[in-house]
Amino acid sequence: MGALKVLVTVMGVLIVAATVTLVVLVVQRAGGGADPMQAAVALRQPAGSSIGGVAAAEGRIAIWVRRADGDRVLLVDPRRGTIAGEVRLGE
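How each quantity is defined
Residues numbered from 1 in each chain as written. Predicted model: local features only at pLDDT ≥ 70, side-chain atom pairs only at ≥ 80, totals over all residues. Heavy atoms only, no water. Salt bridge = Lys/Arg side-chain N within 4 Å of Asp/Glu carboxyl O. Buried < 20%, exposed > 50% of the residue type's maximum accessible area, 1.4 Å probe, protein only. Helix = DSSP H or I, 4+ residues; strand = E, 2+ residues; numbered from the N terminus. Patch = residues over 30% accessible without salt bridge, like charges linked within 9 Å, V, L, I, M, F, W, Y side chains within 5 Å. Areas by Shrake-Rupley, 256 points an atom, 1.4 Å probe, with all protein chains shown as cover. Core = buried A, V, L, I, M, F, W, Y, C linked by side-chain atoms within 4.5 Å. Contact = heavy atoms within 4.5 Å. Pairing = 2+ DSSP bridges. Axes fitted to C-alpha atoms, helices over the stretch in contact; angles between N-to-C directions.

**Re the pattern of salt bridges**
Across all of its chains, the model carries 4 salt bridges by this definition. Arginine 72 serves as the salt-bridge partner of aspartate 69, at 3.5 Å between the closest nitrogen and oxygen. For aspartate 69, a relative accessible area of 49% puts it in the partly exposed group. The class of arginine 72 is buried, set by a relative accessible area of 4%. One salt bridge connects glutamate 86 with arginine 72, and the closest N-O pair in it is separated by 2.6 Å. Here glutamate 86, found in strand S4 (residues 82–88), pairs with arginine 72, found in strand S3 (residues 72–77); they are 14 residues apart in sequence, far enough to count as distant. Looking at glutamate 86, the relative accessible area reads 39%, which means it is partly exposed. Each of Arg67, Asp69, Arg72, Glu86 and Arg88 takes part in a single network of salt bridges with overlapping partners.

**Concerning a nonpolar patch on the surface**
Where nonpolar side chains cluster on the molecular surface, the patch consists of Met1, Leu4, Leu7, Val8 and Met11 and spans about 550 Å² of accessible area. When you line up the elements, methionine 11 lands in helix H1 (residues 2–32).

**A short note on the nonpolar core**
The nonpolar side chains of a soluble globular protein tend to be buried, and buried together. Counting 5 residues, the largest nonpolar core consists of Leu43, Ile63, Val65, Leu74 and Val76. For this core, the elements supplying multiple residues, two or more each, are strand S2 (60–66) and S3. When residues no more than four places from it in sequence are discounted, the contact partners of valine 65 are Gln45, Ser49, Ser50, Asp71, Arg72 and Leu74.

**Quick word on the sheet that holds S2**
Taken together, 4 strands build an open sheet; the order of strands is S1-S2-S3-S4 and the sheet is antiparallel. Lying at the two open borders of the sheet, with one neighbouring strand each, are strand S1 (50–57) and S4. The sheet shows a mean angle of 25° between the axes of neighbouring strands, taken without regard to direction. As paired strands, S3 and S4 are joined by 6 bridges and run antiparallel to one another. Across the sheet, residue leucine 75 finds its bridge partner in S4, namely glycine 85.

**Re unusual backbone geometry**
Working note: non-glycine residues mostly have negative phi, and peptide bonds are mostly trans. Backbone geometry places arginine 44, a non-glycine residue, at a positive phi of 50°. Of the residues examined, arginine 44 reaches a relative accessible area of 75% and is grouped as exposed. The phi torsion at glutamate 58 lies on the positive side, around 50°, for a residue other than glycine. With respect to the element layout, glutamate 58 can be found in the loop between S1 and S2.

The quantities given are spatial measurements derived from coordinates; they are silent on function.
Have a look at this one:
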């Protein structure tokens, strides 16, 4: 009878552990983890540059940069945290 009590207790602990693991996995896959849109990107523009505007563009972020040598739009990939492209204005 003592072995049966131990067996029932061990199986109860396993059920609780499996339930906790399942809940954690569901929350992570449902988007409860880190926000993928938080990315640090260094634009590396010359001194005196300023941001004229920001807009979303097909999964990328378009950043209008005002520079002394001409304005440009930088396309940033927020998932990778890199500059995906650059459009020079007025050339």
